[in-house]
Amino acid sequence: MLAGGVSSDARRPTPGQTPVYVDHAAGAYLWDVDGQQYVDYVLGQGPMVLGHCPPEVVDAVAAQAGRGMAYSAQHELEVIAAELVTSLVPCAELVRFNTVGSEAVLGAWRIARGATGRQRILKFEGHYHGWLDAALWSLHPAVDAAGPAARPVPVPGTGGQQLSSGTDLLIAPWNDLEAFRALIDQHGQEIAAVVMEPVLCNTGCIEPDPAFLEGVMSLARQAGALVIFDEVITGLRLGTGGAQEYLGVVPDLAVLGKAMAGGLPVSAIVGRAEVMDSVTLGAVGHAGTFNSNPIGMAAAVATLETLAGRRDEVYPKLFGLGSRLRDGLRAIAAERSVQLLVDGPGPMVQTYFTDLPVVRDYRDFAAVDKVAAARLHTALLQAGVNIVPRGLWFLSASHTEADVDRTLEIVDGILANW
Ligand code: PMP
């Protein structure tokens, strides 16, 4: 038996909800074992930016499966994949592959510590950097345990966590430059890296104010701290260059995952050569049996080549579908007098039940109505629409305007009786 019936806590059904057992997926759809079809806005929690089973990726994986599944040696596909990444992602001069986002984040932190000779990492409240002990701090803490809004304290995310793993962390509120400045004034010389989801996607979907991001970059640099963008969600989603291209801001290091390999477990630590040199020269260790696994690399090359080759068609389409869904949801909420805030950039749409005009940080997110969000999620699922339970909707290149319009009709039906 599976503990709790799932293999990841992100898949635990809300109490009373029947979990979805998937039979198969294709394009923008999932089918469950009872034959029910769902328009899928979860996309495997993000990876399927081209939709499920893109033929280029399926063919590349099938072809590679007959040529070897694990070499633990160098091979051509990893070189091609690295060249594609460096050509697409602005900060990427050198690349090391891993399998999942959580380990690559900690690899990037190690590289930053090695490169600066400093120990502390500054992360933002509400930002998710994987499920491992060192990173799972102050994701969604109880507000009464999280300290003042302008000076949050580190709060562990789970039972069983190694509490000493948080002693080097500093926690800052998102979108509050004065709070960030105060932390840098006090601790700037101790900080190896400032890490962020450059568009916060795990606590609502919240872009940085341009002045905030600019201030963070320049204050971090003045203090000699590196900046790490965790682009596990935003990479290849907001454009082939991810959030760095979308926001026009280039970090020292970045972490990619999810969308880069069409559903196969591939992640990457990328960065400026000068910073990555600690790995090149062997001063900072990095390893992994499945790193640059040939099946994953075949999928990555096929995905990256497809996204790069079809860039001018795929991203305008993704952004157009995102706008259509956001506009439609806003119109329905207004028509039905439901306090639904609809936000998010490009192909990410976030719905919050709140009377706030905007959600700017974790403390705002903590105040939105989670019960209503769960109710909407359940109602959508029953009607054949699959969204991330916290109110996040991902669009893929396989979705169509007709899918979005059909979804909007379903939402209208739900909110009509809200
Ligand atoms: N960083 C971010 C921003 C993420 O969204 C996630 C996963 N949702 C991770 C890191 C961890 O990636 P993985 O689940 O592949 O370990």
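Note: the structure precedes this text.
Cut-off values and rules
Residues numbered from 1 in each chain as written. Predicted model: local features only at pLDDT ≥ 70, side-chain atom pairs only at ≥ 80, totals over all residues. Heavy atoms only, no water. Near = heavy atom within 4 Å. Polar contact = N/O pair within 3.5 Å; in protein donor to acceptor, adjacent residues only side chain to side chain. Areas by Shrake-Rupley, 256 points an atom, 1.4 Å probe, with all protein chains shown as cover. Nonpolar A, V, L, I, M, F, W, Y, C, P; charged D, E, K, R; others polar. Core = buried A, V, L, I, M, F, W, Y, C linked by side-chain atoms within 4.5 Å. Buried < 20%, exposed > 50% of the residue type's maximum accessible area, 1.4 Å probe, protein only. Helix = DSSP H or I, 4+ residues; strand = E, 2+ residues; numbered from the N terminus. Contact = heavy atoms within 4.5 Å. Pairing = 2+ DSSP bridges. Axes fitted to C-alpha atoms, helices over the stretch in contact; angles between N-to-C directions. Parallel < 35°, antiparallel > 145°, perpendicular 65-115°, else oblique. Left-handed = near helix turned anticlockwise from the far one by under 90°. Salt bridge = Lys/Arg side-chain N within 4 Å of Asp/Glu carboxyl O. Phe/Tyr/Trp six-rings, centres within 6.5 Å; stacked < 30°, edge-to-face > 60°. Expected span 1.5 Å × (residues − 1). Arc of directions from axis to C-beta.

Quick word on the site of the ligand
Around the ligand, the neighbouring residues are V100, G101, S102, Y128, H129, G130, E197, N202, D230, V232, I233 and K258. Contact distances for the ligand include 2.5 Å between an oxygen atom and a side-chain N or O atom of S102. K258 is positioned such that a nitrogen or oxygen atom in its side chain is 2.9 Å from a nitrogen atom of the ligand. Relative to its free-state accessible area of 390 Å², the ligand is covered by the protein chains to the extent of 83%. Residue composition of the shell around the ligand, grouped by class: 4 nonpolar, 5 polar and 3 charged.

A short note on the nonpolar core
Counting residues in each nonpolar core, the largest one holds 89 residues, and the members touching the most others are F124, V270 and W393. For this core, the element with the highest residue contribution is helix 9 (residues 311-335), accounting for 8 residues. In this view, F124 contacts S138, I171, A172, P173, W174, F180, V194, V195, M196, F212 and V216; residues no more than four positions away in its chain are not counted. W137, I269, V275 and M276 belong to the second-largest nonpolar core, a separate cluster that totals 23 residues.

Looking at the sheet that holds strand 14 (residues 392-394)
Spatial ordering of the open sheet is given by 11-12-14, a layout of 3 strands whose pairing is antiparallel. Strands at the two margins of the open sheet, each flanked by one partner only, are strand 11 (340-343) and strand 14. Shown here is a sheet whose adjacent strand axes are inclined to one another by a mean of 20 degrees, direction ignored. Two strands pair when backbone bridges link them, and strand 11 and strand 12 (residues 348-353) are joined in this way by 4 bridges, in the antiparallel orientation. Bridge pairing in strand 12 places V342 opposite T351.

Focus: unusual backbone geometry
Phi is positive for S72, close to 45 degrees, though the residue is something other than glycine. Inspection of the secondary structure assignment puts S72 in the loop between helix 1 (55-65) and helix 2 (76-88).

Things to note about the packing of helix 9 against helix 12 (residues 401-416)
Close contact between helix 9 and helix 12 brings their axes to 10 Å; oriented N to C, the two are set at 20 degrees. Classified by the interaxial angle, the pair formed by helix 9 and helix 12 is roughly parallel. Our pair here, helix 9 against helix 12, has a crossing hand that is right-handed. Judged by residue contacts, L321, R324, L325, G328, L329, I332 and A333 of helix 9 engage E401, V404, D405, L408, V411, D412 and L415 from helix 12.

Digging into the pattern of salt bridges
With the rule as written, the count across this model stands at 15 salt bridges. R406 is the partner of E409 in a salt bridge, and the nearest nitrogen-oxygen pair spans 3.3 Å. Remark: R406 and E409 occur in helix 12; sequence separation between them is 3 residues, near one turn of the helix. Its relative accessible area of 53% is what places E409 among the exposed residues. Note on R406: relative accessible area 46%, which makes it partly exposed.

Re the sheet that holds strand 13 (residues 385-386)
Strand order in the open sheet formed by 4 strands is 1-2-3-13, and the pairing between neighbours is mixed. Of all the strands in the sheet, just strand 1 (22-26) and strand 13 have a single pairing partner and so form its edges. Across 2 bridges, the pairing between strand 3 (residues 37-40) and strand 13 is parallel. Looking across to strand 13, one finds that D40 is bridged to N386.

Section: the packing of aromatic side chains
Inspection of every chain in the model, using the stated rule, returns 9 aromatic pairs. Taken together, a centroid distance of 6.3 Å and an interplanar angle of 70 degrees make the contact between Y352 and F365 edge-to-face. One end of the pair, Y352, is in strand 12; the other, F365, is in helix 10 (residues 362-366), with 13 residues separating them in the sequence. Among the residues examined, Y352 registers a relative accessible area of 2% and is labelled buried. For F365, a relative accessible area of 5% gives the class buried. Taken together, the aromatic side chains of F124, W174, F180 and F212 make up a single cluster linked through ring pairs.

With respect to helix 3 (residues 101-116)
Here helix 3 is 16 residues long and its end C-alpha atoms lie 23 Å apart, about the 22 Å a rise of 1.5 Å per residue gives. Residues of helix 3 that are buried include every one of G101, S102, A104, V105, G107, A108, W109, I111 and A112, and no others.

Observations regarding the environment of P345
Within the secondary structure, P345 is located in the loop between strand 11 and strand 12. Taking the C-alpha atoms as reference points, P345 and Q17, separated by 328 residues in sequence, lie 30 Å from one another.

Focus on the pairing of strand 10 (residues 267-271)
The side chains of a regular strand alternate between both faces of the sheet. Among the 5 residues in strand 10, 5 count as buried, and that is most of the element. Covered by surrounding structure in strand 10 are S267, I269 and G271 together with A268 and V270, the residues of both alternating faces. Of the strand pairs in this sheet, strand 4 (residues 94-98) and strand 10 are connected by 5 bridges, and their pairing is antiparallel. Across the sheet, the residue bridging to F97 is A268, located in strand 10. Sheet topology note: the strand 9 (residues 253-256)/strand 10 ladder contains 4 bridges and is antiparallel. In the strand pairing of strand 10, L256 is matched with A268.

Some points on helix 12
A rise of 1.5 Å per residue sets the reference length of helix 12, with its 16 residues, at 22 Å; its end C-alpha atoms lie 22 Å apart and thus fit the reference within 8%. Taken together, the buried positions of helix 12 are occupied by D403, V404, T407, L408, I410, V411, I414 and L415. Down the axis of helix 12, the buried side of the element spans an arc of 165 degrees, and every buried residue falls inside it. Away from its buried face, by an angle of more than 90 degrees, helix 12 presents the exposed residues A402 and E409.

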